[in-house]
Amino acid sequence: MMRLPLFEFCAPRTLEEAARILDGQGPNTMPLAGGTDLLPNMKRRQQVPRTLMSLRHVEGLKRVEWSNSASRLGACLTLTDIAGDARFRNGLTALAQAAAQVATPHIRNMATLGGNLCLDTRCNYYDQNYEWRKAINFCLKKDGTTCWVAPGSSKCVAVSSTDTAPALIALGARVRLVSRSGEREVALSELYNNDGINYIRRRPDEILAEVLLDSLHGWKSTYWKLRRRGSFDFPALSIAAAARLSSQGVVEDARIVVGSAASRPLVADGASKFLLGRSLSSETIAEAAALAARIAKPLDNTDFDMTWRKRVTGEFLTYALRELRGDDVRAERGSITRYCFE
Amino acid sequence: MITLPVESRKTSHIRLTLNGEQVDVSFAPYKTLLEILREDLGHTGTKHGCELGECGACAVLLDSKPVLSCLVLGVECDARNVLTVEGLGLEGNLHPLQDAFADLGAAQCGYCTPAILVTAKALLDQQPQPSRDQIRVALSGVLCRCTGYLQIFEAVEAAMVKIAEQNGAAK
Amino acid sequence: MPNQKDSPDRSVKDSQANGEVLRVIGVPRRRVDARAKVTGQTRFADDIVLPRMAHCKLLRSPHPHARIRKIDASRALAHPGVYLVLTGKDLPTEYGILPVSQDEQALCLDHVRHVGDPVAAVIAREELTAFEALDLIDVEFEILATISSPEEALATPAPRIHDYGEEGNVHKRVALEFGDVEKSFAEADEIFEDTFFYQGSTHLPIEQHAAVAIKDPEGKLTVWSSTQTPHYLHRALAKVLQMPAAHVRVIATPNGGGFGGKSDPFNHEIVVAKAALLLDRPVKICLTREEVFYCHRGRHPVLMKFKTGVKQDGTITGMHLQTLIDGGAYGSYGVASTFYTGALQTTTYHIPRYLFQGCRTFTNKPPCGPKRGHGTVQPRFGQEVQLDKIAEKLKLDPAELRLGIVESPNTVTANYLRLGTVNLSECIRRVVKASGWKEKFRQLPEGRGVGIACSAYLTGAGLAIYWNRMPHSGVQLKLDRGGGVTIFCGATEIGQGSDDVLAGIVAEVLGIDTFDIRLFTGDTDLGPVDLGSYSSRVTIMAGNAALQAAERARELLREAVAIRLEVPKERLRFADKHVFDSAAPEKRVPFHEAICLAEARFGTIGTVGSYTPPKSPALYKGGGVGPSPTYSYTAAVVEVAVNPVTGWITVPKIWIAHDIGRALNPPLVRGQVEGSVYMGLGEALMEEQEFRRLPKRLSHALVHKFPSMLEYKSPTSLDMPEVVTELVEQADPRGPFGAKEVGQGPLLPIMPAVANAVYDAVGVRIDEVPITPEKIMKALAEKKAGRAPRYGPNHFPHIDWPEALRVSPPWEGGDGNAVNDVPSHRKPRPEKDKVLSS
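Thresholds, definitions, all that
Residues numbered from 1 in each chain as written. Chains lettered and ligands numbered in written order. Predicted model: local features only at pLDDT ≥ 70, side-chain atom pairs only at ≥ 80, totals over all residues. Heavy atoms only, no water. Helix = DSSP H or I, 4+ residues; strand = E, 2+ residues; numbered from the N terminus. Rg over C-alpha atoms; globule rule 2.2 N^0.38 Å. Contact = heavy atoms within 4.5 Å. Buried area = accessible area lost by both parts, 1.4 Å probe. Salt bridge = Lys/Arg side-chain N within 4 Å of Asp/Glu carboxyl O. Polar contact = N/O pair within 3.5 Å; in protein donor to acceptor, adjacent residues only side chain to side chain. Nonpolar A, V, L, I, M, F, W, Y, C, P; charged D, E, K, R; others polar. Expected span 1.5 Å × (residues − 1). Buried < 20%, exposed > 50% of the residue type's maximum accessible area, 1.4 Å probe, protein only. Pairing = 2+ DSSP bridges. Axes fitted to C-alpha atoms, helices over the stretch in contact; angles between N-to-C directions. 1 Å grid on protein atoms, 1.4 Å probe; cavity = no way out; pocket = protein on both sides within 12 Å on 5 of 7 lines; lining within 4 Å. Points joined across faces, edges and corners; volume = space filled by probe spheres on them. Parallel < 35°, antiparallel > 145°, perpendicular 65-115°, else oblique. Left-handed = near helix turned anticlockwise from the far one by under 90°.

J.: I would appreciate a short explanation of the overall build of chain B in the present structure.
T.: Along chain B, the regular secondary structure elements total five helices and five strands. Each helix and strand of chain B, placed in order from N terminus to C terminus, yields the pattern β-β-α-β-β-β-α-α-α-α. In terms of overall dimensions, chain B is globule-like: its C-alpha atoms have a radius of gyration of 17 Å, near the 16 Å expected for 171 residues. Dimensions of chain B, computed from the C-alpha atoms along their principal axes, are close to 60 × 35 × 25 Å. Residue pairs in contact within chain B that sit at least 24 positions apart in sequence constitute 52% of those at least 6 positions apart.

Now the structure itself:
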């Protein structure tokens, strides 16, 4: 049986207390939410914090504030909470679909929104047990000097594997980060770096406390996840698309995000801008898909052959855009995700 | 005298409700709920296949929700409610799910069975008449290498009918 | 509470039941171990907790190939909580499952052969302590060249991974020719040559391997282990620990899945035994999932080249099959596996002349061994896909083609396998009908397709792992005056229902309920030898042994009751826990009273039954692999949906018909069929035991690409299609109540049926497994470009085959002996193959 290493444990009751604990600790003290990413990493000795700081008892982190003009989602809401909340539809459908497809029902009952947004980047050479990593003499991301995916690379290319981030970026979300030195609000699209090691601009002493959304009235959104099986697997590719259409079906605003094709979710600016002022005809969809596919640069660090992932990105995006157009894509969704989303 | 190595020191204590009964347990603080159940509380019904959250064999109900006990810290379980396969029976009888699984071939090697049973129970408690698709989704977090799942689905559906009958009879 | 519910009447005639209705056999009932399993009370190996128990962890090689120069464990030994450290010098005796490849050491002494090869063991108070102490063992390795594939092994004779074997890194080459195959090609109307590759896969039982060893109160060794083969483990422990086997007890705990992965004696089992003896305290080990990947013993990756000659009507004139097998770092069952990659090709369709050449090499990867279907799965894939290509060229429906060439029952094949009942034609007809084949084949819209494939499988290997003349299975029965019956048998419950098979047979014969029976199985001290749960042997071998023991017991009871009731004993029937006069049923005694009567007459009642398979007509060297008392047959139709743009493949439905002889307990049989389909689908679509060879200029590393349950893909509940199962039940007299096997056969046709369905759907051939969207898309691109619409291997390397042993087929006057070799029964047997004496 694999066991956790020894650790100290604390469970602050308020955000202030939590921020105080994290202050100046660096990687020695790590916040613990659902534990579904951190604990496996600890068992594999990828991360070995001296202290785990549970967020479970911090008041206010599971709040949902809902109004017509804005919403605030506490970072410790579980993915089941989000997937099962009937309010997350229409404009917010992408978020519900993303949350609903993470891992398995058991993990969704434990995993949190904040945890998924801060999910460690992943790679075939990194998400392995200590023994295995010793056999390859470790890797650039942890304890080694070579990136085995791209041996010539000086940058780590571990892949972003979060489902909720691409969805929330497409929805224009912001996050509130709290630390001892204060608070700041950051657009979620600005939270990530395209670097497998320094993939997130949350400082180690900051707690991601809340997700903020402006009104998405009039928007439609969708999230498509590509993985080998119907559950458990991280995304090998994902598409989040959100659009506001006029009554004539002309795109007034759009945001397309490609996930798991780089070390951060990629905002497909070119494709998004291309859609403005156009109706979602087959030609428009095909052109937008080609534009979005161009930015995807999958590498050999996840499931599926990387050339194949690159080739199907465009096709995948057409499913999402056709769905926004109003097509019935349940057959395609059922085939890809094997999941009936009500 | 051999002194107590640090890994052996049972310095954490919690009181939780296990299968409907309050219980106290002391354990080494690094242990997960899975390890405490199996090693400190003698409840070996809950199994493990990977300890990393990748197989579902360790599923238990924590505050009525299916979770993976290999990823729940023991120190997070004070004052909480845990249900394992040992607690499924009712008044000395097997739970209808257990009867159905036993009769309809839903358990072969039996290793994933405890996890599937508690997960199915949580489903039926929440949703007394799930569709086949809903059953598939609810159980999608536990891997089985023996059955191919189909007889498991049928057993859940048979239990569903039995429970409805029992509830109808009780009224 | 009885296990038999009130079920609809089943009037099944059966000679062994003397024309009576069967009350247990064939009646859907709760299996005998079901209640324990659904209450979580079944005691698996890791559930065992004993006072003062210590925990063991193994230090494993981080290098794929190296010599051990020095080990210094002093720091580990000094670590608080550590009781003992063992290294190779503590357990130098070699062992292995096959007598001809005793090439393993419990802890490598001076040569490590794959990443994960055990080098040292730490036994400590806590498992975490033992794990931390592993890092305190200093090992000096001298790196040797990595050999990562069979092609590399063929080209790299040195350094040798093993000092035995044929030469260099070639473990074994076999060449068997049955009839003049070249002549058969001359007689053919068409000749087909196809190369296929079957990727390796692993068993992935949910339960990790675990073992607990103890020096028991009497001072003898007891080992509980999640093993499928307690008898073979028993022998290995006696050998390595250099103890009398009579002082070693192995108890196979119920396996949480085995599928062939727990059939070898393992390092960890021997290590905990040694530690328990040295420390005089219980020692437990439970492997992590990654370590299970290093134990492996899974499906050999096989490259195959088929050359088949056929007539215009599909009749096969001859076949030449070459296989190149990636054996991994140790022998395991590999020599047998090598023969299996050729042996069963003749069991389904009539093949009058056959040349088989197989070559197994060593490589620096976890060793391959038996996985469900053991070596016959790979060539069955090739044969069934090639048949599909043949059907297309000859413009024949693939189902019709097969129906025209199915082998006949009770035949002796070209390679001297004696077949029993053969109901393959009926299986084909059933799946054709159930699936709507005739309306669908080549008629579905683009992107949807159906494929058909067939297969056969053994009902137990005809030869034991070590040569001997003793029974392959034995059962002892004890009958208690209270009416309870106890079954003692070495058979091992791995989830397949072996306990229920034994109980069902005994209950049927004695007219009682399976709930009245208690079983002690898998215990080498309590039960007579049963060779283990592998090769689908339990139903026929342990079942027949149980049948014999039960019939002997019934005979004693019959005699005693006949005297009491003053009725001719032939008129007595056993049913409903009574013994009664069939002419006047009110004349009866309860079962328990019948036992008392018998005990009064004969003394204490106890009977024994045993089973030895019939001698095989295959007398040539190598003829020991393939023979079986009889064979099961399966046909499957798979429907697929393939996206012609992305290659995305889903499988909505599978129809399968299995020639089982008799279903002893229908829900269990259905479970085996569906479980086999599930596992076959996994291999068809997503399972692969793949390895990464890092760039040679940067590293010598050769690691398993993803030794985890997340990345090694096994289908979830959302990935399982609808399955329609049909059973063909024509009793085979060789099986108890006519039963054949069901645990492995239904897996084999799934993978080729998927491949054939993909061709029907989008017109491309994927001549390898797994059949993935990436490969389909590449093949579609080839098709679009006007090239061969195919993805698969193009090349079979040149191998220096030895001169083939030539055996004339039965219809050419052969007698089962090779014409160019000393007949095996006249050759002196080497010392090491003889039975080990204590």
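J.: What is the right way to read the interface of chain C and chain B from this model?
T.: A common measure of how large an interface is: the accessible area buried when the components associate. Contacts between chain C and chain B engage 56 residues on the former and 48 residues on the latter. For the pair chain C and chain B, the two sides together bury roughly 4500 Å², of which 55% comes from carbon and sulfur. Looking only at chain C, the three residues that lose the most surface to chain B are Val 38, Ile 206 and Ser 717 of chain C, adding up to 17% of its buried area. Put simply, chain C and chain B have seven salt bridges between them. The shortest N-O distance in the salt bridge between Asp 47 of chain C and Lys 47 of chain B comes to 2.7 Å. Along the contact surface separating chain C from chain B lie 32 residue pairs in polar contact (both at pLDDT 80 or more). Put simply, the parts of the chain that give the side of chain C that touches chain B at least two residues each are α1 (34-38), α3 (127-134) and α17 (666-685) of chain C. Split into classes, the residues belonging to the side of chain C that touches chain B amount to 20 nonpolar, 20 polar and 16 charged.

J.: Mind showing me how you'd approach helix α7 (residues 267-279) of chain C here?
T.: An α-helical turn contains 3.6 residues, so a residue and the one three or four places further along point in the same direction. Residues and elements named next belong to chain C. Spanning 13 residues, α7 covers 18 Å between terminal C-alpha atoms, matching the ideal 18 Å at 1.5 Å per step. Among the residues of α7, those classed as buried are Asn 267, His 268, Glu 269, Ile 270, Val 271, Val 272, Ala 273, Ala 275 and Ala 276. After α7 finishes, the residue Asp 280 shows a positive phi value of roughly 55 degrees.

J.: What is the right way to read the sheet that holds strand β1 (residues 54-60) of chain C from this model?
T.: Through backbone hydrogen bonds, the strands of a sheet pair up, either in parallel or in antiparallel fashion. Residue and element names in this part refer to chain C. Here seven strands make up an open sheet; going across it, the order is β3-β5-β1-β12-β9-β10-β11 and the pairing mixed. Strands with a single pairing partner mark the edges of an open sheet, and in this sheet they are β3 (82-87) and β11 (248-252). Each neighbouring strand pair of the sheet contributes to a mean axis angle of 20 degrees, computed without reference to strand direction. Running at roughly 145 degrees to β11, helix α6 (residues 230-241) makes contact with β10 (221-225) and β11 of the sheet. Along the sheet, α7 makes contact with β1, β3, β5 (118-124), β9 (210-215), β10 and β12 (283-286), crossing β9 at roughly 25 degrees.

J.: I would appreciate a short explanation of empty space enclosed by the protein in the present structure.
T.: Where empty space is left becomes clear once a probe the size of a water molecule has been rolled over the atoms. With the rule as written, the count across this model stands at 14 cavities of 30 Å³ or more. The space that makes up the largest cavity amounts to roughly 200 Å³. Arg 122, Asn 124, Phe 234 and Thr 302 of chain A together with Glu 711 of chain C are, among the 23 residues lining the largest cavity, the residues nearest its centre. Considered class by class, the residues forming the lining of the largest cavity number seven nonpolar, six polar and ten charged. Taken together, 14 residues line the second largest cavity, and the ones lying closest to its centre are Met 1 and Met 2 of chain A together with Lys 57, Phe 131 and Thr 288 of chain C. Elements represented by at least two residues in the lining of the second largest cavity include exactly β1 and α3 of chain C.

J.: Where do I start with the interface of chain A and chain B in this structure?
T.: With 32 residues of chain A in contact, the opposing surface of chain B contributes 37 residues. Both sides together, the interface formed by chain A and chain B hides about 2900 Å², and carbon and sulfur atoms give 66% of it. Inspection of the chain A/chain B interface yields four salt bridges. A salt bridge links Glu 76 of chain B to Arg 56 of chain A; the shortest N-O distance between them is 3.4 Å. Between chain A and chain B we count ten residue pairs in polar contact (both at pLDDT 80 or more) in total. Looking at the side of chain A that touches chain B, the elements with two or more residues in it are α2 (38-43), β3 (51-54) and α5 (105-110) of chain A. The leading source of residues in the side of chain A that touches chain B is α5 of chain A, at six residues. For the side of chain A that touches chain B, the class distribution of residues is 17 nonpolar, eight polar and seven charged.

J.: Even after reading the chapter, I still don't get the packing of helix α2 (residues 96-103) of chain B against helix α5 (residues 150-170) of chain B, so can you show me in this structure?
T.: Residue and element names in this part refer to chain B. Look at α2 against α5: their axes get within 8 Å of each other, and the N-to-C directions meet at 140 degrees. Regarding the angle of α2 to α5, the classification is oblique. Taken as a pair, α2 and α5 cross one another with a handedness that is right-handed. Along the contact surface, α2 presents Pro 96, Leu 97, Ala 100 and Phe 101, while α5 presents Ile 152, Ala 155, Val 156, Ala 158, Ala 159, Lys 162, Ile 163 and Gln 166. In terms of residue class, the contact of α2 with α5 is made up of ten nonpolar, one polar and one charged.

J.: Sorry, what's going on with the pattern of salt bridges here?
T.: Two side chains with opposite charge may pair up if their charged atoms get near one another. Applying the stated criterion across every chain yields a total of 108 salt bridges over all chains. A salt bridge links Asp 194 of chain C to Lys 389 of chain C, with the shortest nitrogen-to-oxygen separation between them at 3.1 Å. On the criterion of sequence distance, the pair formed by Asp 194 of chain C in strand β8 (residues 190-198) and Lys 389 of chain C in helix α10 (residues 377-393) is long-range, its members being 195 residues apart. The same class applies to Asp 194 of chain C as to Lys 389 of chain C, namely buried. Residues joined by salt bridges that share partners form a network here, namely Arg 3 of chain A, Lys 10, Lys 31, Glu 35, Glu 39 and Asp 40 of chain B together with Glu 127 of chain C.

J.: So what exactly am I meant to see when it comes to unusual backbone geometry here?
T.: Among all residues save glycine, negative phi is the norm, and among peptide bonds the norm is trans. Residues and elements named next belong to chain C. Look at the link from Ala 158 to Pro 159: it is a cis peptide, with omega at 5 degrees. Along the chain, the position of Pro 159 falls in the loop between α4 (150-155) and β7 (170-178). Residue Pro 770 follows Val 769 across a cis peptide bond; omega there is -5 degrees.

J.: How should the side chain of Arg 60 of chain C be read in this particular structure?
T.: Position of Arg 60 of chain C relative to the elements: it lies in strand β1. Among the residues examined, Arg 60 of chain C registers a relative accessible area of 7% and is labelled buried. A distance of 2.7 Å separates the side chain of Arg 60 of chain C from the backbone oxygen of Gly 116 of chain C, its partner in a polar contact. A polar contact is formed between the side chain of Arg 60 of chain C and the side chain of Glu 291 of chain C, at a distance of 2.8 Å. Other than its neighbours up to four places away in sequence, Arg 60 of chain C contacts Glu 131 of chain A together with Gly 116, Asp 117, Pro 118, Val 119, Leu 287, Glu 291 and Tyr 294 of chain C.

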